[in-house]
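Survey of secondary and tertiary structure
Given next are the chains, with one letter for each unit.
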Amino acid sequence: MELYRAHVLVCCGTGCTSSNSDQIITQFDKLLPENNIEKEVKVVKTGCFGLCAEGPIVVVYPEGVMYYRVDPKDVAEIVSEHLVKGRHVERLMVPHPASPSSEANSSDESNFFKKQLRIALRNCGAINPEEIDEYIAHDGYLALGTILSEKRDPLDIIDEIKRSGLRGRGGGGFPTGMKWEFAAKVENDTKYVCCNADEGDPGAFMDRSILEGDPHSVIEAMTIAGYCIGASQGYVYVRAEYPIAVQRLKHAMKQAKEYGLIGKNIFGSDFSFDLDIRLGAGAFVCGEETALMRSIEGKRGNPTPRPPFPAVRGLFNKPTILNNVETYANIPIILTKGAEWFASMGTERSKGTKVFALGGKVQNVGLVEIPMGTTVREIVFEIGGGIPGGKEFKAVQTGGPSGGCIPASLLDTPIDYDNLVAAGSMMGSGGMIVMDEETCMVDIARFFLEFTVDESCGKCTPCRIGTKRMYELLTKIIEGQATLDDLEALEKVALSLKNGSLCALGQTAANPVLSTLKHFRNEYIQHVVDKKCACHVCKGLTEYYIIPEMCKKCGLCAKKCPVNCISGVLGKEPYVIDASQCIKCGACMEACKFKAIIKQ
Amino acid sequence: MLSYAVGGESTVGKTKLTPEEMSKKLDEALTHYEGQGQKALMSALQEAQEIYGYLPLPVQKRVAMTLNISVAEVYGVVSFYSFFSLKPKGEYVFNVCLGTACYVKGAQKILERIEDNLGIKAGDVTTDRKFSISACRCVGACGLAPVILVNDDVYGRLTPEEIPGIIAKYKEA
Ligand SMILES: Cc1cc2nc3c(=O)[nH]c(=O)nc-3n(C[C@H](O)[C@H](O)[C@H](O)COP(=O)(O)O)c2cc1C
Ligand code: SF4
Ligand code: SF4
Ligand code: SF4
Ligand code: FES
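Residues numbered from 1 in each chain as written. Chains lettered and ligands numbered in written order. Predicted model: local features only at pLDDT ≥ 70, side-chain atom pairs only at ≥ 80, totals over all residues. Heavy atoms only, no water.

Across its full length, chain B holds seven helices and four strands. Listed N to C, the secondary structure of chain B is α-α-α-α-β-α-α-β-β-β-α in terms of helices and strands. Judged by the C-alpha coordinates and their principal axes, chain B covers about 50 × 30 × 25 Å. Buried positions account for 55% of the 173 residues belonging to chain B. On chain B, roughly 7,600 Å² of surface is accessible, and the fraction owed to carbon and sulfur atoms is 54%. Within chain B, the 20 negative side-chain charges are centred at a point lying 4 Å from the centre of the 19 positive side-chain charges. (Helix = DSSP H or I, 4+ residues; strand = E, 2+ residues; numbered from the N terminus. Buried < 20%, exposed > 50% of the residue type's maximum accessible area, 1.4 Å probe, protein only. Areas by Shrake-Rupley, 256 points an atom, 1.4 Å probe, with all protein chains shown as cover. Lys, Arg positive; Asp, Glu negative; His and termini not counted. Charge placed at Lys NZ, Arg CZ, Asp CG, Glu CD.)

Okay, structure coming up:
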């Protein structure tokens with residue numbers, strides 16, 4: 001390898017690419033030669049560093065200086081100051097002043113990284129995902145190579161994975177080693193290995209970041225899985241909404257093939273394994289394992305009853321294992337460092353780390369990986385830097401549409417599979433959305449039910465009709481039309497959904513409602529009895545009002561109102577909103593420079 | 001919208017294919033799938049939609065014939081997956097992310113502002129076929145919430161006030 005005196009790492013994950021990181025690379029490619037330092041400085045495209053809200057992020061090594069929100073226009077200064085003269089560009093080293101996530105108290109972004117432990121994300125942001133040599137230089141394909149050259153007994157490998165305590169990161173938390181063992185012990189000439197990269201939880205992007213930042217770790221792990229269970233074909237099922245991930249994965253597969261790391265007779269052994277990509281088509285239920293397999297077969301993604309379990313009869317009716325992207329990303333490092341190393345991290349029944357996509361009303365939005373057992377409080381307030389704008393914390397939502405909300409009283413819950421279930425939520429695939437005092441919990445519950453109504457495949461009645469009924473009841477509540485009987489009805493339907501649905505989509509669909517009813521019942525009561533939404537989110541229970549004493553009679557609000565329901569006399573009489581006409585669009589409130597308009 | 005490259009070239013002003021060119025491209029694409037049956041259906045439909053922008057019945061019939069399966073099976077799959085569209089989209093598609101991260105940060109208000117401004121609802125197309133609005137669930141750029149995509153262009157950290165300006169940009173294009 002050539003020697004460079006400096007490396008410039010530019011994040012090319014989806015978040016940063018959306019904010020023009022590709023143009024930043026173009027600028028470096030242009031400016032380095034102009035300054036005659038293209039032989040001394042190497043520009044590396046990497047995967048996500050995690051701190052997406054402050055992107056595009058550029059890191060300059062050896063110093064490890066991190067520049068936030070870099071504009072393509074800033075590149076000239078980084079080149080001439082930092083790379084040529086060795087002076088840091090201080091201006092770009094602080095998070096953006098205009099950003100909501102950098103108000104006064106979050107001066108120390110390094111807190112963001114301090115409590116984290118990067119295992120599944122070990123290579124994300126550290127290597128160029130498009131260069132297989134960089135993965136190999138970081139012990140990549142070492143596990144696979146060792147296994148094949150030593151002809152290690154598949155059951156011995158499976159035993160090591162069992163001892164590591166690794167559980168599925170896709171939501172259910174099923175022990176990975178056990179799943180592999182089932183499939184390994186079934187006799188069949190043809191078996192399949194599948195990877196679930198459907199990432200359906202809206203508001204989660206861990207799996208995408210791993211595929212974009214470290215695709216080889218997934219390829220290596222799937223190949224190992226193929227060796228362990230006796231499969232020679234694998235499929236990665238990726239959401240179609242993830243074009244960059246798909247492209248990186250394709251590229252990585254091509255390189256792995258050229259190096260003989262997948263394909264025929266890997267490492268000269270008699271083991272062969274091939275991989276293919278299948279694109280999803282926007283159906284959440286296809287994240288469910290049986291539905292996913294139907295989808296790969298080219299059919300509608302309707303779940304099928306289990307048993308038979310996929311380990312016995314899965315894809316094309318052959319024994320199949322399915323694991324999540326993050327689960328796979330843990331496999332190579334478990335095998336190089338050993339089961340004991342992995343099992344030394346985490347809690348009694350949940351080992352290792354978990355990646356969360358931290359989002360919503362929190363200062364540091366991005367990807368975080370923490371050891372199991374870290375508390376919710378540590379994530380939100382230390383890693384996440386707390387709530388922006390001095391607002392009050394209300395809840396964090398995990399588990400997406402199958403999960404629930406964790407209130408302030410449970411902030412000290414150590415995160416693991418069992419504790420989150422006990423708190424009325426679940427681990428889920430890793431979405432973690434923070435909500436503050438302005439988030440209406442009834443509205444959020446309805447938001448998730450709207451999602452499940454859309455996504456229910458319609459195969460079984462409790463789910464198809466139950467989700468719809470719950471959605472209607474919640475709509476009644478937020479419109480101020482509900483009675484206490486409706487609250488009772490809501491709980492009844494929730495129970496029948498839980499007990500009567502065929503797949504986990506329906507079985508868990510009521511969780512967002514049940515958990516908010518449990519922890520935030522007072523908000524439901526407010527909506528139903530007092531006909532009030534304290535957060536002024538629910539339109540049916542909110543009115544816009546102009547405070548006459550504050551109104552400067554400028555008329556701006558009247559100009560902005562799309563339905564012309566504000567009247568007054570310019571400069572003479574305070575303006576007034578005709579509440580019966582108002583469509584509650586909020587345009588007037590945004591427009592008023594004097595804060596004369598309020599919601600009540 | 002399989003083809004969108006987030007952050008890639010803007011599609012503003014991209015030339016469109018004539019019906020004959022589309023038909024020819026479809027023929028080329030489908031040659032790879034000849035007689036492959038149901039298991040190739042999703043990929044074939046994804047390619048077809050990339051060419052046409054949606055999946056009108058004649059296109060579905062051709063896919064069915066190529067794969068040697070029934071049109072009913074093709075239609076069953078097309079109607080199941082939200083990614084497949086039976087209706088043409090506008091020249092500029094405003095795709096509003098309504099994932100949780102965006103929702104908590106006010107995506108609903110963004111969507112309403114776009115609807116008000118264009119005078120159509122999510123799922124609809126303007127009569128001149130220039131604009132359509134759709135809602136999607138998480139484009140994976142949650143760090144930039146709230147996010148919208150206009151064809152390939154990504155707009156993040158949005159406020160409703162910025163919407164009229166963005167729409168104006170495409171009206172002129
Ligand atoms: C409705 C539904 C959606 C799901 N979505 C996903 C998903 O997006 N990604 C995922 O890895 N697992 C998802 N799962 C869980 C999978 O069915 C399966 O348990 C998992 O992929 C197994 O891998 P693991 O053991 O490595 O977690 C979903 C399950 C259900 C019921
Ligand atoms: S529970 Fe819902 S998603 Fe699952 S099979 Fe039944 S209808 Fe389909
Ligand atoms: S909220 Fe909208 S409709 Fe109502 S008064 Fe204000 S601008 Fe007019
Ligand atoms: S914009 Fe504000 S100050 Fe001006 S007329 Fe409206 S309410 Fe009064
Ligand atoms: S929720 Fe909108 S990008 Fe993820």
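All names here are of chain A. The N-to-C vectors of helix 6 (residues 142–150) and helix 10 (residues 215–229) enclose an angle of 25°; their axes lie 9 Å apart at closest approach. Comparing their axes, helix 10 and helix 6 come out roughly parallel. Considering how the two elements wind past one another, helix 6 and helix 10 form a crossing that is left-handed. Note on element contacts: helix 10 touches helix 6 through Glu220, Thr223, Ile224 and Tyr227, opposite Leu142, Ala143, Leu144, Ile147 and Leu148. In terms of residue class, the contact of helix 6 with helix 10 is made up of seven nonpolar, one polar and one charged. (Axes fitted to C-alpha atoms, helices over the stretch in contact; angles between N-to-C directions. Parallel < 35°, antiparallel > 145°, perpendicular 65-115°, else oblique. Left-handed = near helix turned anticlockwise from the far one by under 90°. Contact = heavy atoms within 4.5 Å. Nonpolar A, V, L, I, M, F, W, Y, C, P; charged D, E, K, R; others polar.)

Attention now goes to the pattern of salt bridges. All names here are of chain A. Counted according to the given criterion, the structure contains 42 salt bridges over all chains. Measuring nitrogen to oxygen at the nearest pair gives 2.7 Å for the salt bridge that ties lysine 115 to glutamate 378. With a gap of 263 residues between them, lysine 115 in the loop between helix 4 (111–114) and helix 5 (132–137) and glutamate 378 in helix 15 (residues 376–383) connect regions that are remote in the sequence. Measuring nitrogen to oxygen at the nearest pair gives 3.3 Å for the salt bridge that ties aspartate 159 to arginine 163. Of this pair, aspartate 159 and arginine 163 both sit in helix 7 (residues 154–164), four residues apart, which is roughly one turn of that helix. For aspartate 159, a relative accessible area of 33% translates into the label partly exposed. One salt-bridge network, held together by shared partners, links Lys361, Lys391, Asp436 and Glu438. (Salt bridge = Lys/Arg side-chain N within 4 Å of Asp/Glu carboxyl O.)

In the vicinity of ligand 4, the residues found are Ile546(A), Cys551(A), Lys552(A), Lys553(A), Cys554(A), Gly555(A), Cys557(A), Tyr575(A), Cys592(A), Phe594(A), Ala596(A) and Ile597(A). Taken together, the residues that form the shell around ligand 4 break down as nine nonpolar, one polar and two charged. (Near = heavy atom within 4 Å.)

Omega for the peptide link from Arg306(A) to Pro307(A) comes to -10°, which places this bond in the cis form. The omega torsion across Ala145(B) and Pro146(B) is -10°, close enough to zero to call that bond cis. With respect to the element layout, Pro146(B) can be found in the loop between strand 2 (131–136) and strand 3 (148–150). Here the phi dihedral of Lys151(A) falls at roughly 50°; this positive angle occurs in a residue that is not glycine. Along the chain, the position of Lys151(A) falls in the loop between helix 6 and helix 7. Positive phi outside glycine occurs at Arg129(B), with the angle close to 60°. By the element assignment, Arg129(B) lies in the loop between helix 6 (107–118) and strand 2. By relative accessible area, Arg129(B) is classed as exposed at 52%.

All right, on to the site of ligand 2 then. Near ligand 2 lie 13 residues; those nearest to it are Cys457(A), Lys459(A), Cys460(A), Cys463(A) and Cys503(A). Here the shell around ligand 2 is built from residues that sort into eight nonpolar, four polar and one charged.

This brings us to the domain arrangement of chain B. Partitioning chain B into structural domains gives domain 1 (10–80) and domain 2 (92–172). Between the C-alpha centres of domain 1 of chain B and domain 2 of chain B the distance comes to 27 Å. (Domains from an automatic or database assignment.)

Using the criterion set out here, one finds 17 aromatic pairs over all chains in the structure. Both rings, one in Phe447(A) and one in Phe448(A), keep their centres 5.1 Å apart while their planes meet at 70°; by these two values the pair is edge-to-face. The pair Phe447(A) / Phe448(A) is uniform in exposure class, with both members buried. Taken together, a centroid distance of 5.9 Å and an interplanar angle of 40° make the contact between Tyr92(B) and Phe131(B) tilted. Of this pair, Tyr92(B) sits in strand 1 (residues 92–97) while Phe131(B) sits in strand 2, and the two are 39 residues apart along the sequence. Phe131(B) sits in the buried class, given a relative accessible area of 3%. (Phe/Tyr/Trp six-rings, centres within 6.5 Å; stacked < 30°, edge-to-face > 60°.)

What follows covers the interface of chain A and chain B. On the chain B side, the residues contacting the 63 residues of chain A number 41 residues. Buried area between chain A and chain B, both sides added, is near 4,100 Å², and the carbon and sulfur share of it is 57%. Scanning the region where chain A abuts chain B turns up three salt bridges. Between Glu112(B) and Lys539(A) there is a salt bridge; the shortest N-O distance is 3.0 Å. Scanning the region where chain A abuts chain B turns up 19 residue pairs in polar contact (both at pLDDT 80 or more). When contributions to the side of chain A that touches chain B are tallied by element, the ones reaching two or more residues are helix 1 (14–18), helix 11 (243–258), strand 7 (274–279), helix 12 (289–296), strand 13 (431–436), helix 17 (441–455) and helix 24 (587–591) of chain A. If you tally residues by element for the side of chain A that touches chain B, the top one is helix 17 of chain A, at seven residues. By residue class, the composition of the side of chain A that touches chain B is 30 nonpolar, 16 polar and 17 charged. (Buried area = accessible area lost by both parts, 1.4 Å probe. Polar contact = N/O pair within 3.5 Å; in protein donor to acceptor, adjacent residues only side chain to side chain.)

Now for the sheet that holds strand 2 of chain B. Residue and element names in this part refer to chain B. Spatial strand order, 2-1-3-4: four strands in an open sheet with mixed pairing. Unpaired on one side and paired on the other, strand 2 and strand 4 (153–155) mark the two borders of the sheet. In this sheet, neighbouring strand axes are inclined to one another by 20° on average, regardless of whether the strands run parallel or antiparallel. Pairing between strand 1 and strand 2: six bridges, direction parallel. Paired with phenylalanine 94 across the bridge in strand 2 is isoleucine 133. Sheet strands touched by helix 6: strand 1, strand 2 and strand 3. Its angle to strand 1, the strand with the most contacts, is close to 155°. (Pairing = 2+ DSSP bridges.)

On to the side chain of Asn302(A), then. Within the secondary structure layout, Asn302(A) lies in the loop between helix 12 and strand 8 (320–324). When neighbours within four sequence positions are excluded, Asn302(A) is seen to be in contact with Ala291(A), Arg294(A), Cys457(A), Lys459(A) and Phe80(B).

In regular strands, side chains alternate between the two faces of the sheet. Residues and elements named next belong to chain A. In this structure, strand 15 (residues 566–569) lies alongside strand 16 (residues 573–577), joined through three bridges in antiparallel fashion. Bridge pairing links isoleucine 566 to isoleucine 577 in strand 16. Following strand 15, the chain reverses through three residues before pairing antiparallel with strand 16; glycine 571 in that reversal takes a positive phi of roughly 75°.

Residues and elements named next belong to chain A. Across the sheet, four strands lie side by side as 7-6-5-8; this open sheet has parallel pairing. Strands with a single pairing partner mark the edges of an open sheet, and in this sheet they are strand 7 and strand 8. Put simply, the sheet's adjacent strands are angled 20° from each other on average, direction ignored. In this structure, strand 5 (residues 192–197) lies alongside strand 8, joined through five bridges in parallel fashion. When the sheet's bridge partners are listed, valine 193 is paired in strand 8 with isoleucine 321.

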